[in-house]
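Listed below are the residues making up each chain.
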Amino acid sequence: MSELSELYQQVILDHNKKPRNYHKLESANRVAEGHNPLCGDQLTVYMQLEDEVVKDLSFEGSGCAISKAAASMMTQSVKGKTRVEAETLFKEFHSMVKGELDEEAQPNNLGRLKIFSGVRDYPARVKCASLSWHTMHAALQGEEAASTET
Amino acid sequence: MIAPEKILESINTEIVNIPSPFESGWDVRRIREDFPVLRQTVNGKPLVYLDNAASAQSPQMVIDRGIKYLQEEHSSVHRGVHYLSQRATNAFEGARERVRRFINAREARECIFVRGCTEGINLVMHGYGRKFVGEGDEILVSAMEHHANIVPWQMLCEEKKAKLRVIPINDQGELLLDEVEALITERTKLVAVMHISNALGTINPVKEIVRLAHKQGVPVLVDGAQGTPHLAVDVQDIDCDFYIISGHKMFAPTGSGIVYGKAELLERMNPFHGGGAMIRSVSFEKTTYAGLPDKFEAGTPAIAAQIGLGAAIDYLNSIDRVQAHKYEQELLAYATERLAAIEGVRIIGTAHEKASVLSFVVDEVHPHDIGTILDQEGIAIRAGHHCAQPLMQRFGVPATARASFAFYNTKEEADKLADAIEKVIEVFS
C-alpha cells in the first residue's frame, strides 16, 4: 500500500488549487463534455485543432483534486502536440493509471505526468484521473461527449 | 489493495474495550461483539465503519441463519412436495410473518418480497402507476428524494404524459409541509416520499403527509430505506398505502426487501414481472394471476436473503430499540458538535428531526478526496451525490461527504472522524 503522500503530491495539490488553462476557449473548434456518472463530476474540454495539431487547449468543470490536477496537466502536456502524439500520450497515461504500464521500465512519453502513477493503488480513483483524457480524446475524434462508463 | 490473508489476520484482532460515554447507557461494547466484520483493521488501523446508510453490517445471528439455510434447508419454495421444499417454504414464509409483525401490517400477504427499495418502487410504478395514471395526471415527490424514488416516476410520466411535481424543502433540509396541501390536486394520483433522507438524515413527517393526501383521496408511498434501520415503523399508524423496505440497510443481506401495500390496493394492481409462481393458470389464450402475495413474486425468490431479513428482524427485536435510538441520537449530536467546531466544515442537512446521518462539505476540498484520505485512516464514509443529484443542486454542491452512524458505532469513532477531517484540511492547506 502506497502512502497517501504519493497520491496527493505537492504538484497535484498545486494544480488543484491553481488549475492551468482553466477557462473557456473562444478559438475552440472542438468542444467535448466529460461525465463520470458514478460521482457526478463533469468537465468541458475546449480544443483548437488545426492541421492535425492541437494549437490550444483548455478546460472547465468541477471535480476532485485528482481530476482537476489531471485535467490541468493534461492541457499542458497535449497543447502543441499532433493528433498522433496526443493519442499516444492518452494511451500511455491510461495504461499507467490502470497499472498496465511500468512507466519506469517501459519506454514512454509521459515525463512529468508520471506523478499520477500513484493513482493505480486507488482503483476507485482511476476514473478521476482519466476523465479529462477521455474527454480530450473525444474532442480529437470530433465527438461531443465522453464518459468514464463507456 | 489489501491481500486476503491480511484481512483474515486482521479479523482476529481483539475488540477494543469501549465503554458507553452517553446517558443512554447503551452497552456498545457488547453490541459490537455481535458484528464480526467490525473486528478488522484497514490500512493498519481499526475499521471505523461510517457508511451504514449505504449498507449496514450483519450481526452473527443473520450470518448464522444464512449458513443454516444453505447447509440444511435449501430448496425451491412453494413448489416441491418433498421435505426440503417444505422446510425452505416454512423458513421463507416465517420471514414474511416476521416482517408483518415488525411493521404491524394487518396481513402477511400485504408484504411482498422484493430485492430492495429500487425494485420495490418499480413494482409500484408498474403495478399501480401504469394502471391508474393517465395523461395530465400528477405524481408528487419531494426535493430530497433518492433517484430510486424519482426516476421510475419520471419514466411513468414520460410514458403516460403525466407530470412530476416536487415538494420543496427549506435550507435546513426539511419539507415545506405548508406547500404539500396546495400541491395535491384532483390530478394527483400518488404522493411518493422518503421516510428518512439518506443524504441529509431528515426524518420526514410521513404520518402528516399521509393525512393531507388522504383528505383528497390520494394514496401515499413511503420509501422506507432509511426508516426501518433507525425507527420503529407501524404502517397502520402511519396509514401509508405503500411502505418500501431495503433489507441490507437494516442489517440483512443484499437482495432482501419488502413492498408493504394495503391489500385492497395490491389486489387492484397489475402484476409486476410475468413468469412462474405468479399465475393461477396459463394457456396460450389467457393467463390468470395468483392472489397476494404470489401475484408479485414471479420466479424463484432470493430465499436465503429474505430468510436473512427475518433473522435481522429477530436481532432487532432482541435489542432495546428505544435505547438504541437514543444512543444514535447522542452519537449524532456529539459528532455534529465536533465537526461543526472545525473551521471550514459545513454541515448539509440541519433538520430539527434527524436520524444519525451526517453530511458535510469542507471548503476547497472535494468530498472524494476527503473519502480517500479518511480511508487511509481506516474510516469508511460515502463521498458523492448519494443518488440525489437534484438535492445536491438544491444545496449548490456537486457532492457531499457523509458519515452515517449505526448503534454499533462509538464516540471514539466520531472523534477519529473529526481528527481525520482536520488532517484532510492540513493536507489541502
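Caption draft 1: Just the overall build of chain B, in detail. Counting its regular elements, chain B contains 15 helices and 17 strands. Taking 429 residues into account, the globule formula puts the C-alpha radius of gyration at 22 Å, and chain B, at 22 Å, falls close to it. Dimensions of chain B, computed from C-alpha atoms along their principal axes, come out at roughly 70 × 55 × 40 Å. In chain B, of all internal contacts separated by at least 6 residues, the share reaching a separation of at least 24 is 71%. Here chain B displays about 17500 Å² of accessible surface, and carbon together with sulfur accounts for 51% of that area. When the 45 positive and 57 negative side-chain charges of chain B are each reduced to one mean point, those points stand 6 Å apart.

Caption draft 2: Summary view of the pairing of strand β1 (residues 30-36) of chain A. All names here are of chain A. As paired elements, β1 and strand β2 (residues 41-50) share 7 bridges and run antiparallel to each other. Bridge pairing links Gly34 to Leu43 in β2. Hairpin connection of β1 to β2: 4 residues between the antiparallel strands, including Gly40 at a positive phi of 85°. Note that β1 and strand β4 (residues 145-147) share 3 bridges and pair parallel. Looking across to β4, one finds that His35 is bridged to Ser147.

Caption draft 3: Main features of the interface of chain B and chain A. Taken residue by residue, the interface counts 15 residues in chain B and 23 residues in chain A. Summed over both sides, the interface between chain B and chain A buries roughly 1500 Å², with carbon and sulfur atoms accounting for 58% of that surface. At the junction of chain B and chain A, the tally comes to 1 salt bridge. One salt bridge connects Arg125(A) with Asp369(B), and the closest N-O pair in it is separated by 2.9 Å. Connecting chain B to chain A are 6 residue pairs in polar contact (both at pLDDT 80 or more). Secondary structure elements with two or more residues in the side of chain B that touches chain A: α13 (367-376) and α15 (411-428) of chain B. The greatest single-element share of the side of chain B that touches chain A, amounting to 5 residues, is contributed by α13(B).

Caption draft 4: Structural view of the pattern of salt bridges. Residue and element names in this part refer to chain A. Scanning the entire structure with this criterion turns up 38 salt bridges over all chains. Among the salt bridges present, the one from Asp56 reaches Lys79, with a minimum N-O distance of 3.2 Å. Taken as a pair, Asp56 in strand β3 (residues 53-62) and Lys79 in the loop between α3 (65-78) and α4 (83-97) lie far apart in primary sequence, 23 residues in all.

Caption draft 5: Molecular detail of unusual backbone geometry. The omega torsion across Leu292(B) and Pro293(B) is -5°, close enough to zero to call that bond cis. In this structure, Asn21(A) takes a positive phi of about 55° despite not being glycine. Tracing the backbone shows Asn21(A) in the loop between α2 (10-17) and β1.

Caption draft 6: Representation of the sheet that holds strand β14 (residues 357-362) of chain B within the structure. All names here are of chain B. Strands sit in the order β13-β14-β17-β16 across an open sheet of 4 strands; the sheet is antiparallel. A single partner strand is all that each edge strand has here, and the edge strands are β13 (345-348) and β16 (382-384). Across the sheet, the mean angle from the axis of one strand to that of its neighbour is 30°, orientation sign disregarded. Taken together, the 4 bridges between β13 and β14 define a ladder with antiparallel strand orientation.

Caption draft 7: How the structure looks around the domain arrangement of chain B. Residues and elements named next belong to chain B. Assigned domains of chain B: these are domain 1 (4-33 + 320-428) and domain 2 (63-317). Between domain 1 and domain 2, the C-alpha centre-to-centre distance is 29 Å. Between domain 1 and domain 2, the contact holds 30 residues from the first and 29 residues from the second. Here domain 1 and domain 2 share an interface that buries about 2400 Å² over both sides, 56% of which is from carbon and sulfur atoms. Looking at the side of domain 1 facing domain 2, the largest losses of area belong to Arg321, Leu391 and Arg394, adding up to 27% of the total buried there. Counting across the domain 1 and domain 2 interface gives 1 salt bridge.

Caption draft 8: Up close: helix α11 (residues 303-318) of chain B. Residues and elements named next belong to chain B. The end-to-end C-alpha distance of α11 is 23 Å, a good match for the 22 Å that 16 residues give at a rise of 1.5 Å each. Taken across its 16 residues, α11 has 12 buried, putting it largely inside the fold. Residues of α11 that are buried make contact with α2 (28-32), α3 (60-73), α4 (83-103), β4 (111-113), β10 (257-261) and α12 (321-340).

Caption draft 9: Molecular detail of the nonpolar core. Core analysis: the biggest nonpolar cluster contains 151 residues, and Phe116(A), Met136(A), Ile103(B), Phe407(B), Tyr408(B) and Leu417(B) have the highest contact counts within it. No other element matches helix α5 (residues 126-140) of chain A, which puts 9 residues into this core. Residue-level mapping places this core at the junction of two domains, with at least three residues from each of domain 1 (4-33 + 320-428) and domain 2 (63-317) of chain B. With residues up to four places along the chain from it excluded, the contact list for Leu417(B) reads Leu50(B), Leu339(B), Leu374(B), Ile379(B), Ile381(B), Ala403(B) and Phe405(B). One finds Ile112(B), Cys157(B), Ala162(B) and Phe272(B) within the second-largest nonpolar core, a separate group that totals 30 residues.

Caption draft 10: Geometry of the pairing of strand β7 (residues 188-194) of chain B. Residue and element names in this part refer to chain B. Summarising burial for β7: 6 of the 7 residues are buried, a large majority. Judged from the 3 bridges that link them, strand β5 (residues 138-142) and β7 form a sheet pairing that is parallel. Across the sheet, residue Glu138 finds its bridge partner in β7, namely Thr188. The sheet contact formed by β7 and strand β8 (residues 220-223) spans 4 bridges and is parallel. Counterpart to Val193 in the pairing with β8 is Val222. In terms of handedness, the path from β7 via helix α8 (residues 206-215) over to β8 forms a crossover that is right-handed.

Caption draft 11: Highlighting the packing of aromatic side chains. Tallied over the entire structure, the rule returns 18 aromatic pairs over all chains. Their ring planes at 75° and their centres at 5.0 Å tell us that Tyr22(A) and Phe59(A) sit as a pair that is edge-to-face. Note that Tyr22(A) is positioned in the loop between α2 and β1 and Phe59(A) in strand β3, a separation of 37 residues in sequence. A centroid spacing of 6.1 Å and a plane angle of 75° characterise the contact between Phe251(B) and Tyr408(B), whose relative ring orientation is edge-to-face. With Phe251(B) in the loop between β9 (242-246) and β10 and Tyr408(B) in the loop between β17 (400-404) and α15, this residue pair connects regions lying 157 residues apart in the sequence. Each member of the pair, Phe251(B) together with Tyr408(B), is buried. Joined through ring pairs, the aromatic side chains of Phe22(B), Trp26(B), Phe35(B), Phe251(B), Tyr315(B), Tyr327(B), Tyr334(B), Phe407(B) and Tyr408(B) make up one cluster.

Calculation criteria
- Residues numbered from 1 in each chain as written.
- Chains lettered and ligands numbered in written order.
- Predicted model: local features only at pLDDT ≥ 70, side-chain atom pairs only at ≥ 80, totals over all residues.
- Heavy atoms only, no water.
- Helix = DSSP H or I, 4+ residues; strand = E, 2+ residues; numbered from the N terminus.
- Rg over C-alpha atoms; globule rule 2.2 N^0.38 Å.
- Contact = heavy atoms within 4.5 Å.
- Areas by Shrake-Rupley, 256 points an atom, 1.4 Å probe, with all protein chains shown as cover.
- Lys, Arg positive; Asp, Glu negative; His and termini not counted.
- Charge placed at Lys NZ, Arg CZ, Asp CG, Glu CD.
- Pairing = 2+ DSSP bridges.
- Buried area = accessible area lost by both parts, 1.4 Å probe.
- Salt bridge = Lys/Arg side-chain N within 4 Å of Asp/Glu carboxyl O.
- Polar contact = N/O pair within 3.5 Å; in protein donor to acceptor, adjacent residues only side chain to side chain.
- Axes fitted to C-alpha atoms, helices over the stretch in contact; angles between N-to-C directions.
- Domains from an automatic or database assignment.
- Expected span 1.5 Å × (residues − 1).
- Buried < 20%, exposed > 50% of the residue type's maximum accessible area, 1.4 Å probe, protein only.
- Core = buried A, V, L, I, M, F, W, Y, C linked by side-chain atoms within 4.5 Å.
- Right-handed = clockwise from strand over helix to strand, strands pointing away.
- Phe/Tyr/Trp six-rings, centres within 6.5 Å; stacked < 30°, edge-to-face > 60°.

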